[in-house]
Amino acid sequence: MSGPALGVCYYPEQWDESLWAEDAARMVALGLTWVRIAEFAWARIEPAPGRFDWGWLDRAVEVLGSAGLKVILCTPTAAPPKWLVDLHPDILPVAADGTVRKFGARRHYCFSSPRYREEAARITRAVAERYGRNPHVQAWQTDNEYGDHDTVHSYSPAALAAFRDWLRARYGTIGALNRAWGTSFWSMAYSDFGQIELPNNLVEEPSPTHRVDFLRFSSDQVRSFNRAQVGIIRRLSPGRPVTHNYMNQNTDFDHFAVGEDLDLASWDVYPLGGLVHGRLPEAMKARYLRTGDPDQTAFNHDLYRAVGRGRVWVMEQQPGPVNWAVANPAPRDGMVRLWTWLAFAHGCEMVSYFRWRQAPFAQEQYHTGLLHPDSTPDQAFHEVAAVVAEAQALPPLPPRAQARVALVLDYPSRWAGQALPQGQGCNPAHVALDWYAAARRHGVEVDIIGQHSDPEGYDLILAPDLIMADAGFLGRVKAAGAKILFGPRSGSKTAEMQTPEGLAPGPLRAMLDMRVSRVESLPGYHAETVMLGNLALPAHRWRETVETREEVLATFAGDHRGGSPALLGNDRARYLAALMPPEGLLPVITGALDWAGVAWQPDLGDIRLTRRGEVTFAFNYGPDPATAPAPAGARFLIGGRVLPPAGVAAWEGSERAGPEAR
Amino acid sequence: MSGPALGVCYYPEQWDESLWAEDAARMVALGLTWVRIAEFAWARIEPAPGRFDWGWLDRAVEVLGSAGLKVILCTPTAAPPKWLVDLHPDILPVAADGTVRKFGARRHYCFSSPRYREEAARITRAVAERYGRNPHVQAWQTDNEYGDHDTVHSYSPAALAAFRDWLRARYGTIGALNRAWGTSFWSMAYSDFGQIELPNNLVEEPSPTHRVDFLRFSSDQVRSFNRAQVGIIRRLSPGRPVTHNYMNQNTDFDHFAVGEDLDLASWDVYPLGGLVHGRLPEAMKARYLRTGDPDQTAFNHDLYRAVGRGRVWVMEQQPGPVNWAVANPAPRDGMVRLWTWLAFAHGCEMVSYFRWRQAPFAQEQYHTGLLHPDSTPDQAFHEVAAVVAEAQALPPLPPRAQARVALVLDYPSRWAGQALPQGQGCNPAHVALDWYAAARRHGVEVDIIGQHSDPEGYDLILAPDLIMADAGFLGRVKAAGAKILFGPRSGSKTAEMQTPEGLAPGPLRAMLDMRVSRVESLPGYHAETVMLGNLALPAHRWRETVETREEVLATFAGDHRGGSPALLGNDRARYLAALMPPEGLLPVITGALDWAGVAWQPDLGDIRLTRRGEVTFAFNYGPDPATAPAPAGARFLIGGRVLPPAGVAAWEGSERAGPEAR
Amino acid sequence: MSGPALGVCYYPEQWDESLWAEDAARMVALGLTWVRIAEFAWARIEPAPGRFDWGWLDRAVEVLGSAGLKVILCTPTAAPPKWLVDLHPDILPVAADGTVRKFGARRHYCFSSPRYREEAARITRAVAERYGRNPHVQAWQTDNEYGDHDTVHSYSPAALAAFRDWLRARYGTIGALNRAWGTSFWSMAYSDFGQIELPNNLVEEPSPTHRVDFLRFSSDQVRSFNRAQVGIIRRLSPGRPVTHNYMNQNTDFDHFAVGEDLDLASWDVYPLGGLVHGRLPEAMKARYLRTGDPDQTAFNHDLYRAVGRGRVWVMEQQPGPVNWAVANPAPRDGMVRLWTWLAFAHGCEMVSYFRWRQAPFAQEQYHTGLLHPDSTPDQAFHEVAAVVAEAQALPPLPPRAQARVALVLDYPSRWAGQALPQGQGCNPAHVALDWYAAARRHGVEVDIIGQHSDPEGYDLILAPDLIMADAGFLGRVKAAGAKILFGPRSGSKTAEMQTPEGLAPGPLRAMLDMRVSRVESLPGYHAETVMLGNLALPAHRWRETVETREEVLATFAGDHRGGSPALLGNDRARYLAALMPPEGLLPVITGALDWAGVAWQPDLGDIRLTRRGEVTFAFNYGPDPATAPAPAGARFLIGGRVLPPAGVAAWEGSERAGPEAR
């Protein structure tokens, strides 16, 4: 037997104590083994300054633990109590327009507030001292969803003071800052760090280096805030892994950097809101309305597996409609099962559903759970039971193997794009997902890596938006013998957010004999054409003029610089000089796969495949039944050859069916 | 002779005194009998603190009254003078973002300011003492257009203090508030009412109960502000009815509740701005650009007739293009006449035009009047004269009879939808108007009622958006023997803005054996299909999964929970489990009419019919001539059988022509 | 030899001093004769309060000057240093929402700050004292781009105080202000100028006169701020012309008024951003994406030639992609040459490119220059060289001749439209450009004039949006014998922003026996039809009902006031009673040209023609080659008869080819 460990998020403080024991028993009967609690319980734990009420939490841990559940205990710092806010109003975050963001929801704190750091450490210490060695407590979560509600960036006096200190540490002298920020421009010179301001409410854009430094600083504040809690827990609760639950699509802080301080990564999986707010055009959003973007969730599993250095959990799995998106459709029946198996197939060790029972009150009362508010089972309850049953058929499976293809996600490069977008309409997060999807639609596994990662063992590296390419990383790629495909803007900014000497692509020039002599951002009502052999492919939003002595693999068509290189390269590296919509990108990516000798399959349409050990999993995101590309002699462990909508199949058999890779 | 009494809004303070007598004489000659004055005259009445200048107003009342006009005198509290704002800046309202909203236009006061309540009472007393028993003063209007410019909701310190008091009165103990608001969620617990804040500038949404309570509180503040004025006037001006002029489509306060303190309701009729900012798709907005939404104005007549417990006036009737909409087209010639007769047909006793003479200065100089700024007649002047002439042909008509169908409008339910919309794009005001229109397009009269109303005598009650359904009301409906059709979300929230025990539809479950096990909000790019017999009808925006033992009358089609009930019910009650655009709604409504035994006609297209006494009125909103569905022997009192665009007809004859109700 | 003098914008403070001499030599070798410097150099000139560092600037002027370049020196007041902001935070501008706009970019000053006026005068004096008589300094620019980043309108305490003073001076008594603003409306009366507030953060719109006065005041503040600098420079630097570099499409201050204090006008030419943010529908924006609106740049040359009373420079010419628009495409190769010749053909004496070398740092690092950041030539460098070579073929040309047609641009009328738009979607700047383009597409030269201008010598005057028509101007037009075509709204507001006595068109009624009895603004989803003879023309957005005894030349069609005059007039004046899209406007404008006896050609499509002296210039803005309408015997000085895309031709020959004017 295999399959993920299963768990659930539970809020004893929200229910009458008389329900706890039965809830715990039902969780265990369903097959759950983990339960996450207490991430918003500060006001119940410490209802008045220094007055702690541990009794209820003691009993809750005992009830859950003695029923056989392993408790993931959370630090409650995502929601400080009202009395704390009233004692210290300076802990509140400040919005970009200067407005203080008040108590009444959650995440009402500024990461830079020294007072809040003290208080967060104090409550973390208190909780960890009491439960650190409790045998039922088997793991920890710090805080909750850093970055939610745009709270990483605070414009408070505390943030200003901390930013100045951060700049002092980074630059040493004000002269170095002046050079980096280019303050000879627009008379912006500083003579002292104490003159620096936060980059909000300016008359016009700040220096992009000013902005990038503020984004870096803000990310560092999250990391140090988190690290303080991890340190306390590690000391007081030895042997229990510490994690944090990341959010899909948030890039306000460096997830890799925070991940270095954790024992494993976890993330919160809400595919339908992700679709509605995501990259796809409306026709595709309609097609996948109740199944989600076929690639976004997988992308994040692969990302957080990297963030957790191989270990990843789903801390919150969407169980049905949620409450927070601009539209909140229901998943197609079967999708909770599908998402659970998808997580497992992508290497997740544990999947915890959010939440056990739907709340009948407060902000999230339209967020479903495994149970309705009246404790009757909702759809997801039955699908979890199905997963538990199906897991019996699976053999033990090894950890996920390294893929042959990796895609680089670099948070500082995202901030660079944010600081200097050079036109509206280019979303780097969408670009990276389009690249990932182009490979995945052809059945190719893709790992996500950072520039700090070891590229050894990859045949092909995809670098769709590596604006701040690092020479060290490029050197390691070269040493590893991997081929690499760069997207436009790669290498175009130094760490100081400047144009590199000798122009873009800066450090890539050690691999590619080229330079970018011009960039253009283009409005949505204009498209370019790229000729790749006989194929006329669309390009949009961004075009570069490249001068090169490398082989030109594709060119721009038309009478504006027609014939200018659109794709070029050598045997180690290629460079794509434009953004492309998916239909343009697919042949570029499959061409790169051929180049790297990575096998791929014909476009899988609504199906996605992935492997774990000897088992291949297939998932159908479309509205129609589809045939799994399983080999003739495949032994089906889950499902069968024909996948209904929302269907899952898993089979053993080392080769794949259908037209093989070319 | 019959027809509405006619009047006009006049501003003696804006014109040289030498014009008054001639103006009054021309009003009388035109056939007007009422004149409303002084709602923005505070600065003229009291040009400096405590220094009153009554002379001009004494003379104005005398000139108008002695010419034969009945004066509607207003309290001037909608626009406090600059000196008062400078003396007491704390009377200014505060916007949701915390900005103080300054002097320079109108409605620059906070309903919660104790200082402004004193001042408003003082000036009301002064005006009522001077004119309360003046024989020319025959009615009163309090303030002007409560709710305009988003001024019901103020975030001032005074509002905060009053809100805390209101909560103390509502909940008694902080524990009760904590339970109602669900503050065990997100660590939001309060230990004292003094900790509560206004629900603005939070990091994320507040508890929906927090928000609903603020909306209720704000509505109550309007009511008590108004009631104070009414009390003063009643004491000092016996025998004169007191009214207030409501605005179309405003739901920021409970119009029924304020109406309980008035002698009659009045409202301000601006159909073209209402169209431009209203519910219809663009093609329909283009079709009715110069005639207005064929149902919106009638809906409001029916609403305010209920608010006024049978008595309704039009205080301001659009006379031509106005100045305040995003586009300000001219009414088609004839529409001022049409709107006047429409008001009368729907039971209005008096129609007062806004305004006598177009102002050549200040904010509304593009707002037309009966006269041009140079005192020459504008189009509306001639149309008023036509109405006066036509009224000769009409017999005296009784008050409007009770309809057989009623539609429930519940303000707290609107606030519930606002506090917890569960997705964008569902406008309850549009939904209710769509339901009303579906009946009206089939020639059926519809009364508007509230949950406090007596449902006795209705055959069918339409409840399109009764989120906070009240068990008492439902009991009265049952006792009255009326059938009732509920829309989705009905009964889904308790008075504490929580999910009812046993799930939605909460109190409806006493009438319907069902529960709603899931709700979905849907984006605009997706549509559902509902099968009603052989009819495939569109549904959109909102879909529910219902478990029921009742008869299922229509089901959702398709492979996502296909066959799930879309319309269900028994002989007393039906429940529609989705939102539907008009083309989907029509068969549902006509089906309900058949069920209730209410006769209806084929779709009237651009024509609308209504009856008062034995007279049937017909109105043509379309661009083409149309035939009135009058019986063969109808005796035409106004117009004839063929209605030109903007045409009006009225005939005697008890049965209607054309295909009769089935 | 002829052609414009050429120059470049240079920032010695941004480059290592070792580069200066070579840069200067290359400029000279390229054929440049002017160089603009130091407009953002305050922090380098005065790095600490009162401590001046002149050395670098002395050397820069010397290096550039001794290489043979004439220096345009700038006052550095567009970007005060941080130490000055810290010493006097009250110099910062305040946004309309009340937010102080901070240091960190540029233009961070309030025009009304007395402190900043002192400081600006002090630094201007210091710079002018040091360089006023330097032989290399041959011209001056004040500040930089007044109006950029919405900085003309500041809502600071200083602005409030100055506004009150300005009102005192304008009105003398508060009674006069009350009458002008119409404060009998909405109880807005003032008893003292000290009660007046700035028109921001009100509950609803202020009196339009209040707003127009604030707009006028703000414009006057710019003028007096600029005039102070001009006075200092004139005294200390005799014989050098003083200019300012205006921005395309900015109407926040009266450019003519500021121009009266200058020796010549200059402006900054960025056609592609102008296109992207401009008037054209998307299909046309796509067509001209890399060439720009064929008429917008020419319009501005003609405008600023008037502002400079005949003398106009281009101070900043776009050399390639820029950084600041919502999309930043590259110009088609050849466009920098085209724009340079266009400027010359429209009378510009000098064209200076922005900038010499692209910056590798700070806000504008994606703004191209003549050189790449690594000093290699970019595309524009080569195109400048081509212009220099081509100029050899040209004979000396006289100043641009007066056209036979003039278009009136009146800044106060624009402010009137802004204060009282009466609906969304009518952009007067777009309307005026549409009128200009309609003539230009037919090969007709158009001068831009103001109401202060002398209309002598014009055959036809176009007045598309002369809301605040001035009786004096109209009298001079009549005296000059010019015919005049007015657009809708002309003469509709007095100087007090009121409806004129006898209604619109107010002072026009001395020329036209008409009055406007009704105006309508229309939404984008509705169109009107105008019959001009047999032609059915579209009208949109604005329609007027006119009563007239003049000849009716076109009428509105349809059943809403069908037959109502749409175009009417006599032998001196015509009035167009609607807004029209270009396809409707063309026949109206050609009809007016015929009426005035001005010859015109068939629609030139993508080609534009203009003349200077005996030379005709032709420019191709389209994607296809086109034939220049040159006479048979034309002698081509630049280019040839067939114009490629982005092509320029110039020929001698007095008559034009093709179908002649009718």
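Residues numbered from 1 in each chain as written. Chains lettered and ligands numbered in written order. Predicted model: local features only at pLDDT ≥ 70, side-chain atom pairs only at ≥ 80, totals over all residues.

(A) Region of the structure containing the domain arrangement of chain A. One can read the domain layout of chain A as domain 1 (5–153 + 221–391), domain 2 (158–208), domain 3 (405–596) and domain 4 (607–652). For domain 2 of chain A and domain 4 of chain A, the distance between their C-alpha centres works out to 55 Å. (Domains from an automatic or database assignment.)

(B) View of the relation of the copies chain A and chain B. Take chain A, turn it by 120 degrees, move it 0.0 Å along the axis, and it overlays chain B with an RMSD of 0.0 Å. Taken together, the turn and the small shift mark the pair as related by a three-fold rotation axis. (Least-squares fit on C-alpha atoms with pLDDT ≥ 70 in both.)

(C) Expanded view of the interface of chain A and chain B. Facing the 55 residues of chain A at the interface are 44 residues of chain B. Contributions of two or more residues to the side of chain A that touches chain B are made by α2 (42–45), α4 (82–87) and α11 (282–287) of chain A. Split by residue class, the side of chain A that touches chain B holds 30 nonpolar, 12 polar and 13 charged. (Contact = placed C-beta atoms within 7 Å. Helix = DSSP H or I, 4+ residues; strand = E, 2+ residues; numbered from the N terminus. Nonpolar A, V, L, I, M, F, W, Y, C, P; charged D, E, K, R; others polar.)

(D) Region of the structure containing the interface of chain C and chain A. Each partner contributes to the interface: chain C provides 56 residues, whereas chain A provides 44 residues. Among the elements of the structure, α2 (42–45), α4 (82–87) and α11 (282–287) of chain C are those that each provide at least two residues to the side of chain C that touches chain A. Among the residues forming the side of chain C that touches chain A, the class breakdown is 30 nonpolar, 12 polar and 14 charged.

(E) Seen up close, the sheet that holds strand β22 (residues 615–620) of chain C. All names here are of chain C. Ordered by their spatial adjacency, four strands build an open sheet running β21-β22-β26-β24, and the pairing between neighbours is antiparallel. Whereas interior strands pair on both sides, the edge strands pair on one side only; in this sheet they are β21 (607–612) and β24 (635–638). Neighbouring strand axes in the sheet, compared pairwise and without regard to direction, differ in orientation by 30 degrees on average. In terms of strand pairing, β22 meets strand β26 (residues 648–652) through five bridges, oriented antiparallel. In the strand pairing of β26, Phe617 is matched with Ala650. (Pairing = 2+ DSSP bridges. Axes fitted to C-alpha atoms, helices over the stretch in contact; angles between N-to-C directions.)

(F) The UniProt feature "domain: Beta-galactosidase C-terminal" (unreviewed entry) in chain A, seen in detail. Within this numbering scheme, the UniProt entry marks residues 607–651 of chain A as carrying the feature "domain: Beta-galactosidase C-terminal" (unreviewed entry). Secondary structure across residues 607–651 of chain A comprises 0% helix and 53% strand; the distance between its end C-alpha atoms is 15 Å. (UniProt positions renumbered as here; feature names shortened; annotations may be inferred.)

(G) Just the sheet that holds strand β1 (residues 5–9) of chain B, in detail. Residues and elements named next belong to chain B. Judged by pairing direction, the sheet is parallel, and its nine strands sit side by side in the order β5-β4-β3-β2-β1-β9-β8-β7-β6 without closing on themselves. With partners counted over all chains shown, the strands left at the sheet margins are β5 (242–243) and β6 (245–247), one partner each. Pairing of β1 with strand β9 (residues 350–353), which is carried by four bridges, proceeds in the parallel orientation. Following the sheet pairing, Val8 is matched in β9 by Tyr353.

(H) Here's a closer look at the UniProt feature "domain: Beta-galactosidase trimerisation" (unreviewed entry) in chain A. Those places that UniProt annotates as "domain: Beta-galactosidase trimerisation" (unreviewed entry) correspond, in this numbering, to residues 403–598 of chain A. End C-alpha atoms of residues 403–598 of chain A are separated by 10 Å, and the span's content is 24% helix alongside 29% strand.

(I) Structural view of unusual backbone geometry. Residue and element names in this part refer to chain A. Here Phe354 and Arg355 are connected by a cis peptide whose omega angle stands at 15 degrees. For Arg355, the location among the structural elements is in the loop between β9 (350–353) and α14 (379–391). Of note in the backbone geometry, Ala38 takes a positive phi value of approximately 80 degrees without being a glycine. Inspection of the secondary structure assignment puts Ala38 in the loop between β2 (34–37) and α2. Unusually for a residue other than glycine, Leu503 sits at a positive phi of about 70 degrees. On the secondary structure map, Leu503 appears in the loop between β13 (483–486) and β14 (514–521). By the C-beta count within 10 Å, which is 22 here, Leu503 ends up buried. (Buried ≥ 20, exposed ≤ 12 C-beta atoms within 10 Å, placed from the backbone.)

(J) Quick peek at helix α17 (residues 471–480) of chain A. Residue and element names in this part refer to chain A. Every buried residue belonging to α17 is among Phe473, Leu474 and Val477, and all of these are buried. Here the buried residues of α17 occupy an arc of 100 degrees about the axis, which is enough to place them on one side. Within α17, the exposed residues directed more than 90 degrees away from the buried face are Ala471, Gly472 and Ala479. Just past α17, the residue Gly481 takes up positive phi, approximately 75 degrees. (Arc of directions from axis to C-beta.)

(K) Representation of the environment of Arg515 of chain A. All names here are of chain A. Mapped onto the fold, Arg515 is located in strand β14. When the C-alpha atoms of Arg515 and Ala24 are compared, they prove to be 63 Å apart, with 491 residues separating the residues in sequence. Beyond its immediate stretch of four places on either side in the chain, Arg515 contacts Gly502, Leu503, Ala504, Arg509 and Glu547.

(L) Quick look at helix α1 (residues 20–30) of chain C. Residues and elements named next belong to chain C. Where α1 is concerned, the buried positions are Asp23, Ala24 and Met27. End-on, the buried residues of α1 take up no more than an arc of 100 degrees, which puts them together on one face. Of the exposed residues in α1, the ones pointing more than 90 degrees away from its buried face are Glu22 and Ala29. Contacts made by the buried residues of α1 are with β1 (5–9), β2 (34–37) and α3 (55–66). Following α1 by one or two positions, Gly31 adopts a phi angle in the positive range, close to 110 degrees.

(M) Broad picture of the confidence of the model for chain A. Mean pLDDT over chain A works out to 97, with 98% of the residues at or above the 70 mark. Both scores are available for the predicted complex, with the pTM at 0.97 and the ipTM at 0.96. (pLDDT = per-residue confidence, 0-100.)

(N) The arrangement of the packing of helix α8 (residues 208–236) of chain C against helix α15 (residues 411–419) of chain C in detail. Residues and elements named next belong to chain C. Interhelical geometry of α8 versus α15 gives an angle of 140 degrees and a closest axis separation of 9 Å. Classed by the angle they form, the pair α8 and α15 counts as oblique. The crossing of α8 and α15 is right-handed. Residues Pro208, Arg211, Val212, Leu215, Arg216 and Ser219 of α8 form the contact with α15, whose participating residues are Tyr411, Pro412, Trp415, Ala416, Gln418 and Ala419. (Parallel < 35°, antiparallel > 145°, perpendicular 65-115°, else oblique. Left-handed = near helix turned anticlockwise from the far one by under 90°.)

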